[in-house]
Each structure stands twice: as C-alpha cells, then as structure tokens.
Number of protein chains: 2
Amino acid sequence: MSQHLIPEELNPEGADFLPGLAMDFVIFGFHQNQLKILLLDYRNTDLFALPGGFIRQNENLNDAARRVLAERTSLTDIYLEQFYSFGDVARHDVAPLRAIMEAKGLKPGDDHWLLRRFVSVGYYALIDFTKAVPIADLLSDSCAWYELTNLPPLMLDHRAIVQKALETLRADLDRKGAGLNRWAAPLLSETFTMGELQSLYETILGQKLRRSSFQRKMLSLDILVRLDKKYSGGAHKAPYRYRFPAEEK
Amino acid sequence: MSQHLIPEELNPEGADFLPGLAMDFVIFGFHQNQLKILLLDYRNTDLFALPGGFIRQNENLNDAARRVLAERTSLTDIYLEQFYSFGDVARHDVAPLRAIMEAKGLKPGDDHWLLRRFVSVGYYALIDFTKAVPIADLLSDSCAWYELTNLPPLMLDHRAIVQKALETLRADLDRKGAGLNRWAAPLLSETFTMGELQSLYETILGQKLRRSSFQRKMLSLDILVRLDKKYSGGAHKAPYRYRFPAEEK
DNA sequence: TATTATTGTTCCAAAATGAGACAATAACCA
DNA sequence: TGGTTATTGTCTCATTTTGGAACAATAATA
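Residues numbered from 1 in each chain as written. Chains lettered and ligands numbered in written order. Predicted model: local features only at pLDDT ≥ 70, side-chain atom pairs only at ≥ 80, totals over all residues. Heavy atoms only, no water.

1. Quick notes on the protein's contact with DNA strand C
- Near DNA strand C, the surroundings consist of 24 residues, among which A:H236, A:Y240, B:K229, B:H236 and B:K237 are the closest.
- Sugar and phosphate atoms constitute 54% of the interface atoms of DNA strand C, taking the interface as everything within 4 Å of the protein.
- B:K217 is positioned with one of its side-chain polar atoms (N or O) 3.1 Å from a phosphate oxygen of DNA strand C.
- Every element with two or more residues in the surface near DNA strand C is listed here: α6 (211-220) of chain A together with α6 (211-220) of chain B.
- A class-by-class count of the residues in the surface near DNA strand C yields 6 nonpolar, 8 polar and 10 charged. (Near = heavy atom within 4 Å. Polar contact = N/O pair within 3.5 Å; in protein donor to acceptor, adjacent residues only side chain to side chain. Helix = DSSP H or I, 4+ residues; strand = E, 2+ residues; numbered from the N terminus. Nonpolar A, V, L, I, M, F, W, Y, C, P; charged D, E, K, R; others polar.)

2. Some thoughts on the relation of the copies chain A and chain B
- It takes a turn of 180° to lay chain A on chain B, together with a shift of 0.0 Å along the axis; the resulting RMSD is 0.1 Å. When the rotation and shift are considered jointly, the pair of chain copies conforms to a two-fold rotation axis.
- Most of the interface of chain A is mirrored in chain B: 100% of its interface residues are interface residues there too. (Least-squares fit on C-alpha atoms with pLDDT ≥ 70 in both. Contact = heavy atoms within 4.5 Å.)

3. A few points about the interface of chain A and chain B
- Residue-level contacts link 22 residues of chain A with 22 residues of chain B.
- Summed over the three residues of chain A that lose the most area to chain B, namely A:Q82, A:Y84 and A:R117, the buried surface amounts to 25% of that side.
- Put simply, chain A and chain B have 13 residue pairs in polar contact (both at pLDDT 80 or more) between them.
- Where the side of chain A that touches chain B is concerned, the elements lending two or more residues are β1 (17-31), β4 (52-56), α1 (61-73), β5 (79-86) and α3 (158-175) of chain A.
- Residues belonging to the side of chain A that touches chain B are distributed by class as follows: 10 nonpolar, 7 polar and 5 charged. (Buried area = accessible area lost by both parts, 1.4 Å probe.)

4. So, the side chain of B:D24
Residue and element names in this part refer to chain B.
- If you trace the backbone, D24 turns up in strand β1 (residues 17-31).
- Taking relative accessible area as the criterion, D24 reaches 7% and is therefore assigned buried.
- A distance of 3.3 Å separates a polar atom in the side chain of D24 from a polar atom in the side chain of R91.
- Not counting residues up to four positions away in its chain, the partners in contact with D24 are L50, P51, G52, R91, S120, V121, G122, Y123, H158 and I161. (Buried < 20%, exposed > 50% of the residue type's maximum accessible area, 1.4 Å probe, protein only.)

5. Things to note about the pattern of salt bridges
- The tally for this structure, following the rule as stated, stands at 24 salt bridges over all chains.
- Through salt bridges with shared partners, a single network forms among A:D24, A:R91 and A:D157. (Salt bridge = Lys/Arg side-chain N within 4 Å of Asp/Glu carboxyl O.)

6. A few points about the packing of aromatic side chains
- Under the definition given, this model contains 32 aromatic pairs over all chains.
- Centre to centre, the rings of A:F48 and A:Y146 are 5.4 Å apart; their planes meet at 75°, and the pair counts as edge-to-face. Highlighted residues: A:F48 in strand β3 (residues 47-49) and A:Y146 in strand β7 (residues 142-147), separated in sequence by 98 residues.
- Among the residues examined, A:Y146 registers a relative accessible area of 19% and is labelled buried.
- When the ring of B:F54 is compared with that of B:F118, the centres are 5.4 Å apart and the planes differ by 45°; the resulting orientation is tilted. With B:F54 in strand β4 (residues 52-56) and B:F118 in the loop between α2 (94-103) and β6 (119-126), this residue pair connects regions lying 64 residues apart in the sequence. As far as burial versus exposure is concerned, B:F54 and B:F118 are alike and both buried.
- Three or more aromatic residues joined by ring pairs form one cluster here, namely A:F28, A:Y79, A:F83, A:Y84, A:F86 and A:Y124.
- Directly above the aromatic system of B:Y84 lies the positively charged group of B:K164, at a separation of 4.3 Å from the ring centroid.
- Geometry around B:Y240 places B:R226 over its ring, the cationic atom sitting 4.0 Å from the centre. (Phe/Tyr/Trp six-rings, centres within 6.5 Å; stacked < 30°, edge-to-face > 60°. Lys NZ or Arg CZ within 6 Å of the ring centre and 35° of its normal.)

7. Overview of the domain arrangement of chain A
Residue and element names in this part refer to chain A.
- Under the domain assignment, chain A is made up of domain 1 (2-175) and domain 2 (190-243).
- Between the C-alpha centres of domain 1 and domain 2 there is a distance of 33 Å.
- Between domain 1 and domain 2, the contact holds 8 residues from the first and 8 residues from the second.
- Taken over both partners, the interface formed by domain 1 and domain 2 buries close to 730 Å², and the fraction arising from carbon and sulfur atoms is 69%.
- In terms of surface lost to domain 2, no three residues of domain 1 exceed F30, R170 and L173, which account for 61% of the buried area on that side.
- One can count 2 residue pairs in polar contact (both at pLDDT 80 or more) joining domain 1 with domain 2.
- Mapped by element, the contributors of at least two residues to the side of domain 1 that touches domain 2 are β2 (34-42) and α3.
- When residues of the side of domain 1 that touches domain 2 are assigned to their parent elements, the largest contribution, 4 residues, is made by α3.
- Here the residues of the side of domain 1 that touches domain 2 sort into 5 nonpolar, 2 polar and 1 charged. (Domains from an automatic or database assignment.)

8. A short note on the environment of A:L75
Residues and elements named next belong to chain A.
- Take L75: it is sitting in the loop between α1 and β5.
- Since its relative accessible area comes to 17%, L75 is described here as buried.
- For L75 and I55, which are 20 residues apart along the polypeptide, the C-alpha to C-alpha distance reads 19 Å.
- When near neighbours in sequence (up to four residues on either side) are disregarded, L75 contacts L69, A70, I127, D128, K131 and A132.

9. Re the sheet that holds strand β8 (residues 192-193) of chain B
Residue and element names in this part refer to chain B.
- Pairing is antiparallel across the open sheet formed by 3 strands, whose spatial order is β8-β10-β9. Looking at strand neighbours, the two that pair on one side only are β8 and β9 (225-229), the edges of this open sheet.
- Where β9 meets strand β10 (residues 240-243), 3 bridges bridge the pair, whose relative direction is antiparallel. Among the inter-strand pairings, V225 is bridged to a residue of β10, identified as R243. (Pairing = 2+ DSSP bridges.)

10. Some remarks on the packing of helix α5 (residues 194-205) of chain A against α6(A)
Residues and elements named next belong to chain A.
- It is at 11 Å that the axes of α5 and α6 come closest, and there the two elements cross at 100°. The orientation of α5 with respect to α6, classified from their angle, is roughly perpendicular. Seen from α5, the contacting residues are M194, L197, Q198 and Y201; seen from α6, they are R211, F214, Q215, M218 and L219.
- Tallied by class, the residues present in the contact of α5 with α6 amount to 6 nonpolar, 2 polar and 1 charged. (Axes fitted to C-alpha atoms, helices over the stretch in contact; angles between N-to-C directions. Parallel < 35°, antiparallel > 145°, perpendicular 65-115°, else oblique.)

Rendered as structure tokens:
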C-alpha cells in the first residue's frame, strides 16, 4: 500500500492535473465586525499560504474552483468570483514549497511537478463564518481564519493576491446594489440588524458611512424584510432584525 | 533550411511556451463612431478568431501579453487590462484549429501541442485605430478590424470572451472618471470635440446620454484642455476641440 | 422615575442630475 | 446681404440624491 506514503494528489507526475496551472483562493468570512480569510499554516516552516488547488484534465476551470473550495470549507453553493490570474516569473520560487514538502517527509526531486512554475487563477469567495469547517490540505497543518487587518507573512505573492481580491470585492460592492442579498447573505447570519449590515459595508470598504443615509439607501432597495426586535440587553432602544427574502428560483 | 517550413513558433513541442496556457485579446479601436475589434481571418476555413498568443517559459504573464500585442498591432505603450481566464473543457475542440493548420499545409499529429486543451487568459486593449498596423500571425491570412455590432462567427468561445471584455470595459468606465485620459486617449485622435467624446461613451455603454449633463460632467472633471474651434464645413456653430493634458511623469 | 445609549425617522441644506430653453454661431441659400 | 438651418455652449429650473444634524422612541439601569 505504498500509495499511502505518496498521496495520490502528490504523485510524482501530477498527471491528472493541468500542468503549470493552479488556483488560489481568498476566502472571506465576517465575524465580530472583522473581515477574515482562511490561511493554511505550515507550522514547521513559519509559512502561511492561501488555500489553492489544481484543475483536473477533464474539469472546467470554474468547476475545479468549486470542488477545491468545497474540500477546504465543507460548503457548497458558495459565492465565488474569479478575479485575476497571476503569472509573474518571480512567483516561481521552489524554496518555500520544497521546505514545506520536506517538513512533511517528502523528498521531491528538482523536477517534481509541484516545484515547476505555476500561473495561478485567483478566486475570491464569501462564506458563512459560522458554517464553514476549515479543513487543512495534505501539506499543511491547519486551515484557519486570520483577520485581514493582521495577516501573518504569506508565501510568494499571496499578499498581493489578497490585496487584489479585496480591491475587486470593493469594486464589485459598488456595482451590485441589486445583488446585495447574493453577496451579503453568506457573510451575515440568517437575521441581522441594520447596524451589523452597515458594519459589514464599512469593514469591506474600509471607511465609515453615515448612519441615516445608509439606512435610507438600504430600505429604499426594498429588499430587506423587517422582523422582530433584537433585545441585546443594552440600555437603549432595540434594533429591528432583518433578513433577505427567500431565493426565488 | 527546413525550419522555414515549420516556423519556430509552431515547432512540434512548443517547448519554449508554458504548456496548456494561452492568451486571447479583445483589441478595441474606435472609428467613425463605431467600436471595432481586431480579428484574425482564416479565409480557407471561414473561421474568425481573436488574436492570441503564448507565454514563454521565462516571461511574466503580463509581459507576454504586451509582447504579443505589440506583434499584432505594431504598437507599444498600450492600454491593457487582464479581465478573465477561460477554462471550460468545451473550449477544447481540435477540429477548428486542425482545419486551420491543414489549410496552411501543416499536418499536425493528434498530440501536437497546439491541439491540446488550453486555458486562456483574456485581455482587453484600447488602441488608436489610426496608428495601429494590424499584422496577421503565422496561421492566419489577415488581421483586420470588425465592427463590434456586426461580428462574423467566431471560433470556440471567442464570442463569449468578447462579451465579457465588453462588460468589463463598461464596468471599468463607471469607476474610472479620474482615469479618463488614460483609457479614452488611445481611442480618440489627439484632439476631439465634446460630441466625439460623448459618442465614444455612448458607443461603449450602448445607450444615449444627455448632452448638457454630459458636457457639464466632463468639464467639471477639470481635465480637458480647450483649444481652438473645429470648422467642419457644416452650417452650424463650430464645436471646440479638446485634448488631454500632457502626461506628467 | 430620571438617566443613558442606541435606534428609527424626520428635516433641511447642499449637491447632483434631468429636461429643456435659449442665444451664438458657421455655412448655406434666396 | 440678410434670412435659414443645424449644432453647440451655456443657463435655468424642477427633481432627485446626499450630507449632516436633530429629535423622538425606546430598553435597560440607577
């Protein structure tokens, strides 16, 4: 049973995958008024990395993204957007990956397929922080949430990938007032207050918004369903809860 | 000198290129109030295609895009944006490319590198219609302009690529009032009238704009330099010419 | 019962936009 | 030469949107 020593996904040829092409994921969650992303932690090497994956020979690129995303988060039906492809030669640095593989007891040859140059297609995903069950991949020791404002050092160009993902997310925000329920729903709990929704906007955009204007605009979209009030125990008026209307198919 | 029969770029291995990865270009020009794009024409096969190219082993992805773009247009310093990567399995259809190659007298084997599956990175470019000198590639018979509103049938998913490019261009337009001079300059001649600028907007956005509002907004950007008047010979008031201020470095 | 913090709403000024109106022309024409 | 016509630059005013603040309505607490 020697294939247990060399997992199928790390076979010397990587034969079932498209060569030279990878995907990297910036997976956003929102918790306690903070944007967080999932990172893989290679403890033995002090290296953190974005979750990634490869495309099978008979698989659509975007389908591969959903497959890998499901593997890392245990979720399907994820809000997912492809945002940019990264192909600088400088990405090709065998040192970190070799260190990671050796920390796992592998001794890859210089021509191991994982050590070749990769162009990587970047995706960002928006998922429910409370429902996701982050699962480490074969080479990493953990897959966990990290605050976007306080990221550990990332390998290769992953910092730039995160930055580009955030910029794209912000730009998409402006253009998608209508699709609010599609992108905001996964980041919030089932019901939420206006303050929580505003906080989400402020955190993503990185700037404060005016309370009355925000409320006016959100209500004018005519997409929020007002429910009962939320009594938080504070010495003040209780805010209404809202939810998005049920998806119509 | 048999390598003249099999051009270096079509060598059996494609060894100098990253395997399985290509680029497709939607190259926009603006002429006579029409948006046009460059297409390659394979006359013998009734097939039209977007200009494309491959990435060298030691070349940054975006650098490769500029190199190929220069080859097709004879221009450098082009406004260029990467907008999406296309990776459906359905893209992999050997028939059209085989037909094209055989029309050129090549007899590719089933495993010829050009006949394998490619993921393609899409770029759109904005260039000066009057300055570009479209140059056909090794497999095509011509590289010429076609009206966006009246495109011939395109091979594979190239129609969808054009559509996505246009959508991205429109979205970018909204967000880049400031960068107006960067993106609009290559599409217009050195000097232009307000009507021509408005026509450019209307053509890209696919909708009419109000004349007075447009003029007010453009002038309020404080970026247009008003020059002399343009006497076109028409029986009416002559419009001012404008130009963008010289780039500051 | 007064106090406090937070919320939903209202109000008004300021800014942006929509929709025309109007005067100023170039060229043409009678 | 003076009227005609099409187009342009600007102005006006109504409408809409936004900014910024005020205000009343609470939940809990003291």
